[in-house]
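Each chain, written out:
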Protein chains: 2
Amino acid sequence: MATLRHSNQRDAVLKDLQARYDHPTAEEVYLSVKKEMPSISLATVYRNLKLLESEGLILKITTGDSDRFDGHTHSHYHFTCNDCMKVLDLEIADTDFCTLPRDFDGVITGHSLMFFGLCSKCKK
Amino acid sequence: MATLRHSNQRDAVLKDLQARYDHPTAEEVYLSVKKEMPSISLATVYRNLKLLESEGLILKITTGDSDRFDGHTHSHYHFTCNDCMKVLDLEIADTDFCTLPRDFDGVITGHSLMFFGLCSKCKK
DNA sequence: ATTGTTAATGATAATCATTATCATTAACTT
DNA sequence: AAGTTAATGATAATGATTATCATTAACAAT
């Protein structure tokens, strides 16, 4: 059930994310969309971020602090600055896994790799 | 400054984490340590988890829901079940990166790789 | 051993991101 | 045009984590 209907708010959230290359929090998306659509509510932004993620149209990036969102769903990785908490894209070519982007000028001190799926119990 | 002093509560938290192979939340560590030390406070558990992590004695695992902790700091990766949110260890040998542990009986449907460090601005 | 300093604690209030609620609005169906 | 119900906006609730603060206890100096 729960047929999806069209919504200008959802369009605006998606369009905002697709037009930017930082990795905004829900609050930041809200502030940005609000400029074009002053009546939009923060709850609507949260709702649509969740919905768009479940539709596979955007990515949610879980970090130590607030969640961040990415409108570009092609396969790439991320870098979080431990100091300012900014998130940057790391485009790493499959054929040369360990080469960082030429324009990356930070220092990498660690990484975390998490796999997702279903455990043996929940698989059934 | 802030010289570290000995504390039985901190010892108990570390010992609890080192003795188990699940990946408990702060609340779960609290409940477990409380059995041996009924007077310990949840705030003390949070404080010591943070302190032990900054000392490099335990790992904090950031997931979609509550943070989880790991008393075993050797290099290994993790798996989160999307259904029950349990976290399992994935010991992946450096020499055979893509082979999963023989006893892993779940399904992997995705992964996320995050790098940490300092961005060009914060490096200075 | 006694005292002084201050880190650590326990209890609890505060914070803050996210979710739930609910009356109203608007998208789509007939 | 009318009916159904998904989506919205406003706001309350939730829940994990952190901050506060008076008290306790570690450790150094006496």
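Refer to the structure above for everything that follows.
Residues numbered from 1 in each chain as written. Chains lettered and ligands numbered in written order. Predicted model: local features only at pLDDT ≥ 70, side-chain atom pairs only at ≥ 80, totals over all residues. Heavy atoms only, no water.

Visitor: Explain the protein's contact with DNA strand C here, please?
Guide: Close contacts around DNA strand C come from 21 residues, with His6 and Tyr46 of chain A together with Arg5, Ser7 and Thr44 of chain B the closest. Each atom of DNA strand C within 4 Å of the protein belongs either to a base or to sugar and phosphate, the latter forming 67%. In this structure, serine 41 of chain B approaches DNA strand C through a main-chain N or O atom, which is 3.1 Å from a phosphate oxygen. Take arginine 47 of chain B: an N or O atom from its side chain is 2.8 Å from a base nitrogen of DNA strand C. Of all the elements in the fold, those that place two or more residues in the surface near DNA strand C are α3 (42-54) of chain A together with α1 (8-19) and α3 (42-54) of chain B. (Near = heavy atom within 4 Å. Polar contact = N/O pair within 3.5 Å; in protein donor to acceptor, adjacent residues only side chain to side chain. Helix = DSSP H or I, 4+ residues; strand = E, 2+ residues; numbered from the N terminus.)

Visitor: Would you mind going over the nonpolar core with me for this structure?
Guide: The nonpolar side chains of a soluble globular protein tend to be buried, and buried together. Phe79, Leu90 and Phe115 of chain A together with Phe79, Leu90 and Phe115 of chain B are the most contacted members of the largest nonpolar core, which totals 18 residues. Of all the secondary-structure elements, those providing two or more residues to this core are β3 (77-81) and β5 (107-118) of chain A together with β3 (77-81) and β5 (107-118) of chain B. Counting residues in hydrophobic clusters, the runner-up holds 15 residues, among them Leu14, Ala26, Met37 and Leu49 of chain A. (Core = buried A, V, L, I, M, F, W, Y, C linked by side-chain atoms within 4.5 Å. Buried < 20%, exposed > 50% of the residue type's maximum accessible area, 1.4 Å probe, protein only.)

Visitor: When you look at the sheet that holds β5 of chain A in this model, what are you seeing that I'm missing?
Guide: One key point about sheets: their strands pair by backbone hydrogen bonds, in either a parallel or an antiparallel sense. With mixed pairing, the six strands of this open sheet are ordered in space as β4(A)-β3(A)-β5(B)-β5(A)-β3(B)-β4(B). The strands lining the two open edges of the sheet, one partner per strand, are β4 (87-90) of chain A together with β4 (87-90) of chain B. Averaged over neighbouring strand pairs, the angle between their axes works out to 30 degrees when direction is ignored. Two elements, β5 of chain A and β3 of chain B, share four bridges in a ladder whose sense is parallel. (Pairing = 2+ DSSP bridges. Axes fitted to C-alpha atoms, helices over the stretch in contact; angles between N-to-C directions.)

Visitor: For this particular structure, what's the right way to read α1 of chain B?
Guide: Every α-helical turn comprises 3.6 residues, leaving residues that sit three or four positions apart pointing alike. Residues and elements named next belong to chain B. Taking 1.5 Å of rise per residue, 12 residues should cover 16 Å, and α1 covers 16 Å from first to last C-alpha, within 8% of that figure. Those residues of α1 lying buried are Arg10, Val13, Leu14, Asp16 and Leu17. For α1, the buried positions fall inside an angular range of 160 degrees around the axis, keeping them on one side. Away from its buried face, by an angle of more than 90 degrees, α1 presents the exposed residues Lys15 and Ala19. Close packing links the buried residues of α1 with α2 (26-36), α3 and β2 (68-70). (Expected span 1.5 Å × (residues − 1). Arc of directions from axis to C-beta. Contact = heavy atoms within 4.5 Å.)

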